[in-house]
Amino acid sequence: MPDCLFCKIIAREIPASIVYEDDRVIAFNDINPQGPTHVLVVPKRHIATLNDLSTADDGIVGEMVRRAAAIASERGIATGGFRAVFNTNRDAGQTVFHIHLHVIGGRPLAWPPG
Ligand code: 5GP
Ligand code: ZN
């Protein structure tokens with residue numbers, strides 16, 4: 001296993017507040033939430049960045065995006081609106097190199113981001 005924070009959360013070596021899990025995807029609350037809802041949707045298979053995706057990953061990426069929408073719906077923020085973001089590499093501020101979809105909402109969100 002790579003020395004990866006999110007792989008350790010998936011393996012239950014580090015605790016997290018898990019809000020959804022199936023065979024392929026896990027979702028947990030961000031430790032430093034940027035809104036009333038801030039969930040990270042994470043594939044169980046280690047993929048470092050969006051730059052590392054192949055066509056074989058189309059299914060898991062689709063599942064992640066649909067799970068983000070389902071979580072937003074469960075929390076009552078789907079209609080009002082939410083943001084789903086993948087940060088990639090330095091200029092976007094990626095700090096954990098295991099892809100994750102940020103699902104942020106529950107407050108108005110400014111655009112463009114910083
Ligand atoms: P990135 O900057 O890579 O797009 O996002 C990484 C996210 O992981 C950040 O929002 C950060 O707050 C979150 N994070 C970092 N360490 C932990 C942790 O140990 N547990 C949880 N639940 N989130 C974490
Ligand atoms: Zn990982």
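> Can you lay out the overall build of the protein chain for me, pointing to particular residues and giving the numbers?
Each helix and strand counted, the protein chain has 3 helices and 5 strands in total. Relative to a compact globule of 114 residues, whose C-alpha radius of gyration would be 13 Å, the protein chain shows 14 Å and is just as compact. Principal-axis analysis of the C-alpha atoms gives the protein chain an extent of 40 × 30 × 30 Å. Expressed as a percentage of the 114 residues in the protein chain, the buried residues total 33%. As presented, the protein chain carries roughly 6,600 Å² of accessible surface, and 53% of it is formed by carbon and sulfur atoms. The distance from the centre of the 11 positive side-chain charges to the centre of the 12 negative ones in the protein chain is 5 Å.

> Outline the coordination of the zinc ion (ligand 2), supporting the account with residue identities and numerical values.
The zinc ion (ligand 2) binds to the protein through Cys4 (SG), Cys7 (SG), His46 (ND1) and His98 (ND1), with metal-donor distances spanning 2.0 to 2.3 Å. One can describe the donor arrangement at the zinc ion (ligand 2) as tetrahedral, given that its 4 donor atoms subtend angles of 105 to 117° at the metal. In the primary sequence, the donor residues of the zinc ion (ligand 2) line up as C-x2-C-x38-H-x51-H. A residue pair is termed long-range when its members are at least 10 positions apart, and Cys7 in helix α1 (residues 5–10) and His46 in the loop between β3 (37–43) and α2 (58–74) qualify at 39 residues. For Cys7, a relative accessible area of 7% puts it in the buried group.

> A description of the pattern of salt bridges should follow, citing residues and the corresponding values.
Summed over all chains, the structure comprises 6 salt bridges. Glu21 is the partner of Lys44 in a salt bridge, and the nearest nitrogen-oxygen pair spans 2.7 Å. Residue Lys44 is found in the loop between β3 and α2, and its partner Glu21 is found in strand β1 (residues 18–21); the two are separated by 23 residues along the sequence. For Lys44, a relative accessible area of 24% corresponds to the partly exposed category. We classify Glu21 as partly exposed; its relative accessible area is 33%. Ionic contacts of the salt-bridge type, sharing partners, join the residues Arg12, Glu21 and Lys44 into one network.

> Describe the site of ligand 1, with residues and values.
As a matter of local geometry, ligand 1 sits amid 16 residues, with Asp30, Asn87, Thr95, His100 and His102 nearest to it. For the shell around ligand 1, the secondary structure elements donating two or more residues are α1 and β2 (25–29). It is α1 that provides the largest number of residues to the shell around ligand 1, a total of 3 residues.

> Please set out the nonpolar core residue by residue, giving values where relevant.
Residues Val39, Val41 and Met64 are the most contacted members of the largest nonpolar core, which totals 13 residues. If you list the elements that add at least two residues to this core, you get β2, β3, α2 and β5 (101–105). A per-element tally of this core places α2 first, with 5 residues. With sequence-adjacent residues up to four places away left out, Val39 is seen in contact with Val19, Ala27, Phe28, Asn29, Asp30, Ile71, Arg75, Leu101, His102 and Val103. In terms of nonpolar packing, the next biggest core, distinct from the first, is built from 10 residues, Ile9, Leu40, Val42 and Val96 among them.

Conventions and cut-offs
Residues numbered from 1 in each chain as written. Chains lettered and ligands numbered in written order. Predicted model: local features only at pLDDT ≥ 70, side-chain atom pairs only at ≥ 80, totals over all residues. Heavy atoms only, no water. Helix = DSSP H or I, 4+ residues; strand = E, 2+ residues; numbered from the N terminus. Rg over C-alpha atoms; globule rule 2.2 N^0.38 Å. Buried < 20%, exposed > 50% of the residue type's maximum accessible area, 1.4 Å probe, protein only. Areas by Shrake-Rupley, 256 points an atom, 1.4 Å probe, with all protein chains shown as cover. Lys, Arg positive; Asp, Glu negative; His and termini not counted. Charge placed at Lys NZ, Arg CZ, Asp CG, Glu CD. Donors = N, O, S within 2.8 Å, 3.2 Å for Na, K, Ca; no water. Tetrahedral: all angles 85-135°; square planar, octahedral: opposite > 155°, others 65-115°. Salt bridge = Lys/Arg side-chain N within 4 Å of Asp/Glu carboxyl O. Near = heavy atom within 4 Å. Core = buried A, V, L, I, M, F, W, Y, C linked by side-chain atoms within 4.5 Å. Contact = heavy atoms within 4.5 Å.

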